[in-house]
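What follows is the residue order along each chain.
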Amino acid sequence: LIAKRLLPEDEADETTSPDASAQPLLIKGTEGTVVSFGKCCRPLPGDAIIGYLNAGRGIVVHRDHCKNVAGYRKSPDKWIEVEWESHVNADFSVELRLDVANRRGVLATIAAAISATDSNIETINTSERDGNTTTMHLLLNVRDRAHLARVIRQLRTLPEALKLARRG
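Throughout this document, residue positions are counted from 1 along each chain, in the order its sequence is written. For a predicted model such as this one, the threshold for reporting local features is a pLDDT of at least 70, and the threshold for listing and counting side-chain atom pairs is 80 or more; totals across whole chains, interfaces and linings nevertheless cover every residue. Hydrogens and water are ignored here; the side-chain numbers use all heavy atoms of the structure.

1. Looking at the side chain of Thr-117
The helix and strand labels rest on DSSP assignments: H or I over at least four residues marks a helix, E over at least two residues marks a strand, and numbering proceeds from the N terminus. Tracing the chain through its elements places Thr-117 in the loop between α4 (106–116) and β6 (120–128). Counting of polar contacts relies on pairs of N or O atoms within 3.5 Å, with two restrictions inside protein: one atom must be capable of donating a hydrogen and the other of accepting it, and residues adjacent in sequence are counted only when both atoms are side-chain atoms. Polar contacts involving the side chain of Thr-117 include one to the main-chain carbonyl oxygen of Ile-114, which spans 2.6 Å.

Shown next as structure tokens:
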């Protein structure tokens, strides 16, 4: 990683490790480096991102406007510019907060709507806010921002959906 920073860009692009084709890369320029994604902001392909060099975790990728990025900016030497590969073929976790009208069958309706967009629900937590409204925290698997947008559009068409926001 340090060598890539020191080499001119045209030479850095020619150097690849022998295992480079073994696994698809999600983030450009991270060959041979452990890459993880911040659970605080859950970046998706298409999001503006930035990488933080962490001694124990390698490069931790955050959305550019993540609340944790502000604190890390005090150490600019630990930040690295990263970007998504052009064709990322993987599922990513994203967290949504959905306020719904508390009606019989609302959970089944929400699950069916998410399933119809070819997305998967990893976890779902519900809490009743008052007698009429329930808040759902959904952890979903999506491919990218466009896929997430389809999920959000589908959920917003439901009459039970009152308020919807991406978390992080």
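2. Thoughts on the pattern of salt bridges
Whenever Lys or Arg places a side-chain nitrogen within 4 Å of a carboxyl oxygen from Asp or Glu, that contact is recorded as a salt bridge. Counted according to the given criterion, the structure contains 7 salt bridges. Close ionic contact of Asp-47 with Arg-145 constitutes a salt bridge, the shortest N to O distance being 2.6 Å. One end of the pair, Asp-47, is in the loop between β1 (35–37) and β2 (49–54); the other, Arg-145, is in helix α5 (residues 145–156), with 98 residues separating them in the sequence. Each of Asp-47, Arg-63, Arg-145 and Arg-166 takes part in salt bridges that share partners, so that together they form one network.

3. Quick notes on the packing of aromatic side chains
In summary, the pairing rule links any two rings of Phe, Tyr or Trp, Trp by its six-membered ring, whose centres are within 6.5 Å, and it sorts them by plane angle into stacked for under 30 degrees, edge-to-face for over 60 and tilted for everything else. Taken as a whole, this structure holds 4 aromatic pairs when the rule is applied. Taking 5.6 Å as the distance between ring centres and 90° as the angle between the ring planes, the aromatic pair formed by Phe-37 and Phe-92 counts as edge-to-face. Of this pair, Phe-37 sits in strand β1 while Phe-92 sits in strand β5 (residues 92–101); the two residues are 55 residues apart in sequence, bridging distant segments of the chain. Per-residue accessibility, obtained with a 1.4 Å probe over protein chains only, is compared with the maximum for each type, and a residue is labelled buried under 20%, exposed over 50%, and partly exposed between these values. What makes Phe-37 partly exposed here is its relative accessible area of 23%. When its relative accessible area of 5% is taken as the criterion, Phe-92 is described as buried. An aromatic cluster is defined as three or more aromatic residues linked by ring pairs; in this entry it consists of Phe-37, Trp-84 and Phe-92.

4. Things to note about the sheet that holds β5
Here, a strand pair is defined by DSSP locating no fewer than two bridges between the strands. With respect to topology, 4 strands assemble into an open sheet ordered β6-β7-β5-β8, the strand pairing being antiparallel. The sheet terminates laterally at β6 and β8 (161–166), the two strands that pair on one side only. Across the sheet, the axes of successive neighbouring strands diverge by a mean angle of 20°, strand direction being ignored. Here 5 bridges tie β5 to β8, and the two strands are oriented antiparallel to one another. Bridge pairing in β8 links Asp-99 to Lys-163. The contact criterion used throughout is that any non-hydrogen atoms of two residues lie within 4.5 Å. What counts as an axis is a line fitted to C-alpha atoms, over the stretch in contact for a helix, and the angles between N-to-C directions run from 0 to 180 degrees. Relative to the sheet, α4 contacts β5, β6 and β7 (133–142), its axis offset from that of β7 by approximately 25°.

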